[in-house]
Amino acid sequence: MASYRFPTTKTASNYVQLAGNSYYPTRRSGAPLGIVLHVTAGLQDLNLEGNDNSAEATAKWAINREVSWHAGVDSDSIVPCLPASYTGWQAKGYNSRTIGLEISNLDARWDNKPEDWIEATLRNAAKACAAWVAEYGFPLVRATQSQVDSAIASNHKFGFTYHSYLSNIRVDPGKTFPFDRFIKMVAEELGQKPPAPSKPTPTTLKVDGSLGPAT
């Protein structure tokens, strides 16, 4: 069982972005099949002294804009934005079957941040995701776009994916996002054994000696 639980009452006081209207209150295509990881590319607070209001402020900023997500996290909080049973506007073409998590990170880099900030922020991200995994039974694996597409077509759960995998104009959650470290935390929140480290996503194509898609 996950250590964190999202509110059961679907009100704007519990889910910030219900105060706007950039979402659908149903999932017409069926229950979500996995989680899309994002970074906000906006507010962040690397100083762990005092309150970190990055996730709260970013969630409120989105209320009157044509974008929404299910939860935001920063170094000291988890901010519920939409119930997981609602369709958020966070990954064009994939909204109907995914849950969106926004992590407060300004530049989508993880190799230039203080270690204590990374630990605290990843832990909150893991707590939020563990709650969804516990509810929907998502596998603790990372899926490429083709794997996500195949899962949606066959109505199978794919686990986790990156926004950058689903859109070639996006970079989040970042090339240096520590996925294995993060997913280990998710497993810990669920009281499960951590999965084996994931294989790197290929960045080059096999050269076959001729012109065409494989070159």
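A quick note: this is a predicted structure, and the numbers were derived from the prediction, not measured.

A.B. asks: Mind showing me how you'd approach unusual backbone geometry here?
C.D. replies: Note: most residues except glycine have negative phi, and most peptide bonds are trans. Cis geometry is adopted by the peptide bond preceding Pro-173, which originates at Asp-172 and carries an omega value of 10 degrees. With respect to the helices and strands, Pro-173 occurs in the loop between helix 4 (163-166) and helix 5 (179-190). Phi at Ala-41 is positive, roughly 55 degrees, even though this residue is not glycine. Residue placement: Ala-41 occurs in the loop between strand 2 (34-39) and helix 1 (54-61).

A.B. asks: Help me understand the packing of aromatic side chains, please; the structure alone is not making it clear to me.
C.D. replies: The geometry of two aromatic rings is summed up by the distance between their centres and the angle between their planes. One pass over the structure, following the stated rule, counts 14 aromatic pairs. Look at Phe-160 and Phe-179: their rings are 6.3 Å apart centre to centre, the planes differ by 70 degrees, and that puts the pair in the edge-to-face class. Of the two residues, Phe-160 sits in strand 7 (residues 159-162) while Phe-179 sits in helix 5, which places them 19 residues apart along the sequence. Through a chain of ring-to-ring contacts, three or more aromatic side chains come together here, namely Trp-110, Trp-117, Phe-160, Tyr-162, Tyr-165, Phe-177, Phe-179 and Phe-182.

A.B. asks: For this particular structure, what's the right way to read the sheet that holds strand 2?
C.D. replies: Taken in spatial order, the five strands of this open sheet run 4-3-6-2-7, and their pairing is mixed. Every interior strand has two partners, whereas the edge strands, strand 4 (78-80) and strand 7, have only one. Direction aside, neighbouring strands of the sheet carry axes that sit 25 degrees apart on average. As judged from the four bridges shared by strand 2 and strand 7, these two strands associate in the parallel manner. What sits directly across from Gly-34, in strand 7, is Gly-159. Strands strand 2 and strand 7 of the sheet are contacted by helix 5, whose axis makes an angle of about 150 degrees with strand 7.

Each value, and the rule that gives it
- The numbering scheme is per chain: residues are counted from 1 as the chain's sequence reads.
- Thresholds applied to this predicted model are a pLDDT of at least 70 for local features of residues and 80 or more for the giving and counting of side-chain atom pairs; totals over whole chains, interfaces and linings are not thresholded and use all residues.
- The side-chain numbers reported here are obtained from all heavy atoms of the structure, hydrogens and water having been left aside.
- Counting from the N terminus, the helices are DSSP H or I runs at least four residues long and the strands are E runs at least two residues long.
- Stacked, tilted and edge-to-face are the three classes applied to pairs of Phe, Tyr and Trp rings, where Trp contributes its six-membered ring and a pair requires centres within 6.5 Å; stacked means planes under 30 degrees apart, edge-to-face means over 60, and tilted covers the rest.
- A pair of strands counts as paired when DSSP detects no fewer than two bridges linking them.
- For helices, the fitted axis covers only the stretch in contact; all axes are lines through C-alpha atoms, and the angles between them, taken along N-to-C directions, range from 0 to 180 degrees.
- Contact between two residues is taken to exist if any of their heavy atoms lie within 4.5 Å; hydrogens are not considered.

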